[in-house]
Amino acid sequence: CGDSNPRPWDGTNAGRISNSTTRSSSSGTTAASEAAPEDLYAEGMRQLRAQNFATAARAFDAVEREHPYSTWATSAKLMAAYTEYQRNRYTEAIGALDRFIQLHPAHRDIAYAYYLRALSQYEQINDSERDQRQTEIAMAALQDVVSRFPDTAYARDARLKIDLARDHLAGREMHIARFYQRQGLYTAAIGRYRRVVEEFQTTNHVPEALHRLTEIYLTLGLRDEARRTAAVLGHNYPGNEWYQDTYALVGDGVSPSGERPGLLRRAVGWIF
Amino acid sequence: QSPAPPARRPAPAAAVAAQPGGRITGIDVRGNQRIEADTIRSYMLVQVGDVADADRLDRSLRALFATGLFRDVEITPQGNRVQVTVTENPIVNRVAFEGNRRVSEDLLRGEALLRPRAVYTPAAAQGDRQRLLDLYARRGRFGARVEPKIIELDQNRVDVVYEIVEGDIALVSRINFVGNAAFSDGTLGEVVSTRESAWYRILSSSDIYEPERLALDRELLRRYYQRRGYADVQITGATAELSPDRTGFFLTYTINEGERYRFGAITVDSRVRGLEGSAIRPDIPITEGDQYDGEAVERATSALTDSLAVRGFPFAEVNPRVTRDAEARRVAIAFEITDGPRNFIERIEIAGNSRTQDRVIRREFRVAEGDPVNPTLVRRSRERLRALGYFSDVQISASPGSAADRVILNTQVQERATGEVSLGGGYSTDAGALADIGLRERNLLGTGIDARINALIGQRRRQLDFSVTDPQFLDRNLAAGIDLFAVQRNLLSIASYREERIGGSLRLGYEFNENLRQSVSYSLIQRRVFDVASDASRFIREQQGSTLLSQVSQTLTYDRRDDRIDPRSGYIVRLGTDLAGLGGDVSYLRTRIDGSFYVPLERYFGDRDYVLAVSGSAGRLDPFGDRDDRIVDRFFLGGDNLRGFAVGGAGPRDITTRDSLGGRILFTQTTELRFPLPVSADLGLTGRVFADVGLNYGLPSSVSGPEVRDSSSPRVGAGVGISWRSPIGLINIDLAQAVVKENYDRTQVFRFGFGTRF
Amino acid sequence: CSFFQAAPISRGNRVTEDQLAQISPGVQTRRDVQALLGSPSFAGTFDDANWYYLSATSRTAPGRRIQMDDRRMVAVSFNRAGVVEGVRIMTEADGQDVALVDRETPVPGTDRSILQQLFGNVGRFGVPGGTGTTGPAPGTGGQL
């Protein structure tokens, strides 16, 4: 780029900024189209509604670059992030939203910015047989929305998504547990199934985990452990199809209201 | 110059006109263009209604600066109002680089943190300057200079231009060693990783001066000496001085060799209940009187730990105590075995696998949750994961679990692209000029399945094959695979016909243990002999047409080599049996047995690259039922398996038409001495001298007559060869002379093979 | 080990005979058992009254997943006061073969189609998940 006379910076006076004459723009890309910010913004919105996100993104960029001080620039930053989100470019969307949150913490739409940022993390969740770190990051971002803006529509949707994400994590534990069970490594399988029962009580994997535990206890010959686990399953999930399998397996008519080991009531407590 | 922005302190407290303890009624913000006043107020510590004390004002000033948004902030209380005047930092409009010839713009852009639309601060520009300088230092350009320049634009925006003067690269012009009596400068020159700059090293970066590599070279030298008996060796210095003409560096390594030692008494004292020291003494691969070798002690320690784990002592810990006897120059080693901590694995966490499925990784582990923590098995699990080829890096680290004796193994994998598109070209004496294209996905959809499709087009060979293999089918010790192929070979010069094979096979493979594996397969192949030359032998002409082969085969492999790709010691034996006749047009039993033995000659030649490879193979084809065997099923001798002879050049032949007929019995034996050539190892040149012996005879009774020659006399070929791993590909050249032959055999002195992948 | 056999690996927490001899009912508490035998392989699912020490030696066998030999379970039961009540030793004979139900609870969300998996990570990992709900457009603010 053929800049003729860049001001020398001797590093001492921290780049003294003199309000020198405005420079004519040097390279083609930033030909100042001198369009008013509101026209550029309206163009961006029209492109957005017409779903061609690339041109919309460019329009919002132009608003921000050429009119950084107009109030349009603030909203353009948010709309640019939304456009990136629609184009599934989540890292760029998160970057734009971080900048928006830092510069305009008191903005009217700040809740939406946090929410869109959490969504961008959520959309990158991998399926449950693969690395779940992204799920944990998404859950933290969603929890952030719930705690900062508890009574907004965004928080309601975030709570729903947190449960879905937790179900993902439970799904991973179940995959690992089944792998160990099929390999005959029962200690490992029991450890993983119990993690599901203890740490993911609100997910719908608990019935299967309890049934699998019964399967393993019977394989190892621990009949009373099997019966107790079947009783917990029967009591908490009476109609569940997994209970039918367990019932068939344990066989000798363990009535759901069988003897209750001491801790059962507390165990039942935190399952709900 | 201090990079911190020039913060102007607020006016001294004395100038506070407000009566002390007065409430602030309002905060006025001046000078902000882009950032709203509310935002500035929200960052400040004093709010309307607070007491305006100097300390809180000062802390607000620092808070505003910490945001990095402002170049200059002034807080001046006026009466009971507070005025905040700010000058915002400009926004970066564009970042440009000038003068970068050797390093590309987007590589530089990757390093610089200042981006368009980011906030410009002098500190950020200074940080980027350092980052760019580090980038150039990593590439050996220590003399580079970087100057950030600012162009002011309207509306408080700036363009940032980094002016770069790259300077030239610092090379290593000479390496010399001081104090090395036992080994010459030449040998030590090969040991260190840095090389003197030379014309043929334009592509390599080993001759660039890098300070970190000096430390690596010291370690390489120390280990080289340790392995050859010098227990006391010290590398006292590794210095680099700039050459007078400032174009390169002189590296000097000073070595204090010390004495050469032999192994003294090797003892095992076990402090573990129920374990006799003498019981496991034979497991130590060191014998008294051997030359001392530092790495042998490490190898012995892990060998001992392995054998202890197998004997049911997973927690035993082995630590060698080395005692040196300077006068007798003996090193005695006592292997102390103690009860290690009884730790168990609570959980194995796997992270980084955004493509590979969890079970594909977990099934490679030799330990599971709830098992004892056994370092050897954890190490073996990591090696198995690396051998998969799906990951560029695998790290397993332990972190404390929920109880004192519980450990969590955290596995971090770094995935790399496992899809390969390979294009290759080449020439070989048998197939002529050839080009091949291959598409392979080693980890299809992250399930561990290996799928590939290859096409090869050559003058005398055309081939298309497709194969899918699941290395652990249903997570079992069972590899299952399907192959489909179509091969067309032009054998006109050998036996005056073209051959085509189209078919497929189902494969199952499993391991008995680390060394013994077996694979069983069923193949269904349509073979066609066509384009038979008009003057071909009548026996060839009667073979024209298609036959269907339906065959079950098995291969049992016993593999004790030290390395599968470049073996230097150990041996491998294979037994293959093919049973054809369950349907199809041919019925025979074909058995093949082959073996290779590798003898390391480091002891005599002092260099690991001297290897003697002795291999042999025997095969016999026994047709049964009423149908004779076909030419396509018989063995051919010559070419690769008997150098000095053309393909099929030594074996039964119709001497009138000079067509090779193949034989039912095959025997080959090869002795080959491989040695490095007296040129620097970087060129990748290895030489070999070899002698091949071969035998090929046995024809069906229907193939007989005056023109048929079928002799069971052995043929011998001997010669020399060279392989060159050149930058453009692997080149093999063999010159071999047929020493013992029949007069009707067809010889071939020169064989050439060149293959490249890009 | 013989020519055709793979090296055995010891699995789980093996309680040896002389360790067992030191446990006698009515004497040890949970902490003593923990010190002597280490942490149990697993405890009772919903109560801490039983500790189980499971161990086996495993071997790779052709075609199979893992071949488990001499599986051994030592069950230590405690009374309400937390003192050892009884010790039982069980082997494979005490167990029974159980047919596993092969149904699996489905995991909602991103079950990626084959094509998505193949090309989903061209250029970057992570894939536009099928969770469907796209965020609502922000409020049409921005007027002066």
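Residues numbered from 1 in each chain as written. Chains lettered and ligands numbered in written order. Predicted model: local features only at pLDDT ≥ 70, side-chain atom pairs only at ≥ 80, totals over all residues. Heavy atoms only, no water.

## Some details on the overall build of chain B
Point 1. Tallying secondary structure elements over chain B gives 13 helices and 34 strands in all.
Point 2. For 758 residues, the compact-globule formula gives about 27 Å, and the C-alpha radius of gyration of chain B, at 37 Å, lies well above that figure.
Point 3. Counting all 758 residues of chain B, 47% fall into the buried class.
Point 4. Sequence-distant contacts, at least 24 apart, represent 59% of the contacts inside chain B between residues at least 6 apart.
Point 5. When the accessible area of chain B is evaluated, it comes to approximately 35,400 Å², of which 55% is carbon and sulfur surface.
Point 6. Put simply, chain B has 102 plus and 102 minus side-chain charges, and the middle of one group is 2 Å from the middle of the other. (Helix = DSSP H or I, 4+ residues; strand = E, 2+ residues; numbered from the N terminus. Rg over C-alpha atoms; globule rule 2.2 N^0.38 Å. Buried < 20%, exposed > 50% of the residue type's maximum accessible area, 1.4 Å probe, protein only. Contact = heavy atoms within 4.5 Å. Areas by Shrake-Rupley, 256 points an atom, 1.4 Å probe, with all protein chains shown as cover. Lys, Arg positive; Asp, Glu negative; His and termini not counted. Charge placed at Lys NZ, Arg CZ, Asp CG, Glu CD.)

## Re the side chain of S381(B)
Residues and elements named next belong to chain B.
Point 1. With respect to the secondary-structure elements, S381 resides in helix 10 (residues 375–388).
Point 2. A polar contact is formed between the side chain of S381 and the backbone nitrogen of R366, at a distance of 3.0 Å.
Point 3. Looking at S381, its side chain comes within polar contact range of the main-chain oxygen of L377, at 2.7 Å.
Point 4. For S381, the contacting residues outside a window of four places in its chain are E364, F365, R366 and V367. (Polar contact = N/O pair within 3.5 Å; in protein donor to acceptor, adjacent residues only side chain to side chain.)

## With respect to unusual backbone geometry
Point 1. One non-glycine residue, N88(A), adopts positive backbone phi at about 60 degrees.
Point 2. With respect to the helices, strands and loops of the structure, N88(A) is situated in the loop between helix 3 (71–86) and helix 4 (90–103).
Point 3. The backbone phi angle of R658(B) is positive, close to 60 degrees, even though this residue is not glycine.
Point 4. Judged by relative accessible area, which is 44%, R658(B) ranks as partly exposed.

## Examining the packing of aromatic side chains
Point 1. For the coordinates displayed, the defined rule picks out 29 aromatic pairs over all chains.
Point 2. With a centroid separation of 5.5 Å and 75 degrees between ring planes, the pair formed by F315(B) and F344(B) is classed as edge-to-face. Residue F315(B) is located in the loop between helix 8 (294–310) and strand 11 (316–325), and its partner F344(B) is located in strand 13 (residues 344–351); the two are separated by 29 residues in the primary sequence. Across the pair, exposure class does not vary: F315(B) and F344(B) are buried alike.
Point 3. These aromatic residues form a ring-pair network of at least three members: Y510(B), F512(B), Y558(B), Y571(B), F597(B), F3(C) and F4(C).
Point 4. Lying across the ring of F690(B), R643(B) places its NZ or CZ 3.9 Å from the centre.
Point 5. Across the ring face of F78(C), the terminal group of R30(C) is positioned such that the distance to the ring centre comes to 4.6 Å. (Phe/Tyr/Trp six-rings, centres within 6.5 Å; stacked < 30°, edge-to-face > 60°. Lys NZ or Arg CZ within 6 Å of the ring centre and 35° of its normal.)

## Examining the side chain of T67(B)
Residue and element names in this part refer to chain B.
Point 1. Structurally, T67 can be placed in the loop between helix 2 (54–66) and strand 2 (70–78).
Point 2. On the basis of relative accessible area, T67 is assigned to the buried category, the value being 17%.
Point 3. Within the structure, T67 has its side chain in polar contact with the backbone oxygen of L64 (distance 2.5 Å).

## Considering the nonpolar core
Point 1. Ranked by internal contacts, the top residues of the largest apolar core, which has 58 residues, are Y180(A), L220(A) and F42(C).
Point 2. If we skip the residues at most four places from it in the chain, L220(A) touches Y186(A), I190(A), F42(C), L54(C), R71(C), M73(C), M90(C) and G95(C).
Point 3. By size, the runner-up hydrophobic cluster in this structure holds 47 residues, among which are A56(A), V63(A), I101(A) and L169(A). (Core = buried A, V, L, I, M, F, W, Y, C linked by side-chain atoms within 4.5 Å.)

## What to know about the sheet that holds strand 7 (residues 171–178) of chain B
Residues and elements named next belong to chain B.
Point 1. Spatially, 7-9-8 is the arrangement adopted by the three strands of the open sheet, whose pairing is mixed. Of all strands in the sheet, those with a lone pairing partner are strand 7 and strand 8 (234–242), marking the two edges. Along the sheet, successive strands turn relative to each other by an average axial angle of 15 degrees, direction set aside. (Pairing = 2+ DSSP bridges. Axes fitted to C-alpha atoms, helices over the stretch in contact; angles between N-to-C directions.)

## Remarks on the sheet that holds strand 3 (residues 81–88) of chain B
Note: strands within a sheet are paired through backbone hydrogen bonds, in either parallel or antiparallel orientation.
Residue and element names in this part refer to chain B.
Point 1. Spatially, the three strands line up as an open sheet ordered 1-3-2, and their pairing is mixed. Two strands close off the open sheet at either side, each with one partner strand: strand 1 (26–30) and strand 2. Recorded for the sheet is a direction-independent mean angle of 20 degrees between the axes of neighbouring strands.
Point 2. Packing against the sheet, helix 2 makes contact with strand 2 and strand 3, and its axis sits at approximately 160 degrees to strand 2.

## What to know about the environment of V693(B)
Residues and elements named next belong to chain B.
Point 1. Checked against the element boundaries, V693 lands in strand 30 (residues 685–697).
Point 2. Classification of V693 by relative accessible area gives partly exposed; the value is 26%.
Point 3. Taking the C-alpha atoms as reference, V693 lies 5.7 Å from R715; in sequence the two are 22 residues apart.
Point 4. What V693 contacts, discounting residues up to four positions off in sequence, is L642, F667, T668, Q669, P714, R715 and V716.

## Describing helix 2 (residues 53–66) of chain A
Residue and element names in this part refer to chain A.
Point 1. Compared with the 20 Å implied by 1.5 Å per residue over 14 residues, the 20 Å span of helix 2 between its first and last C-alpha is a close match.
Point 2. Regarding helix 2, the residues found buried are F53, A56, A57, A59, F60, A62, V63, E64 and E66.
Point 3. Buried residues in helix 2 make contact with helix 1 (37–49) and helix 3. (Expected span 1.5 Å × (residues − 1).)

## Side note on helix 3 of chain A
Because each turn of an α-helix spans 3.6 residues, side chains separated by three or four positions in sequence point in the same direction.
All names here are of chain A.
Point 1. For helix 3, spanning 16 residues, the distance from its first C-alpha to its last is 23 Å, which sits close to the expected 22 Å at 1.5 Å a residue.
Point 2. Within helix 3, 14 of the 16 residues are buried, which leaves the element mostly enclosed by the surrounding structure.
Point 3. Just downstream of helix 3 lies N88, where phi reads positive at about 60 degrees.

## Quick look at the confidence of the model for chain B
Residues and elements named next belong to chain B.
Point 1. On average, chain B scores 85 in pLDDT, and the residues at 70 or more come to 96%.
Point 2. No element of chain B has a lower mean pLDDT than helix 13 (residues 602–605), at 74, and none a higher one than strand 24 (residues 570–580), at 95.
Point 3. Confidence drops under pLDDT 50 across residues 1–19; counting only partners more than four residues distant or on other chains, this segment forms 26 contacts. (pLDDT = per-residue confidence, 0-100.)

## Some points on the pairing of strand 19 (residues 461–470) of chain B
All names here are of chain B.
Point 1. The sheet contact formed by strand 18 (residues 449–458) and strand 19 spans eight bridges and is antiparallel. Of the residues in strand 19, the one forming a bridge with D450 is T469.
Point 2. Joining the antiparallel neighbours strand 18 and strand 19 is a turn of two residues.
Point 3. Where strand 19 meets strand 20 (residues 479–490), ten bridges bridge the pair, whose relative direction is antiparallel. Paired with V468 across the two strands is I482, which belongs to strand 20.

## Description of the packing of helix 3 of chain A against helix 5 (residues 110–122) of chain A
All names here are of chain A.
Point 1. Relative orientation of the contacting elements helix 3 and helix 5 amounts to 20 degrees, with a least axis distance of 11 Å. Looking at the two axes, helix 3 sits roughly parallel to helix 5. Like other packed secondary-structure pairs, helix 3 and helix 5 cross with a definite hand, here left-handed. Together, L78, A81, Y82 and Y85 of helix 3 and Y112, A113, L116, L119 and S120 of helix 5 make up the contact between the two elements.
Point 2. Here the contact of helix 3 with helix 5 is composed, by residue class, of eight nonpolar, one polar and no charged. (Parallel < 35°, antiparallel > 145°, perpendicular 65-115°, else oblique. Left-handed = near helix turned anticlockwise from the far one by under 90°. Nonpolar A, V, L, I, M, F, W, Y, C, P; charged D, E, K, R; others polar.)

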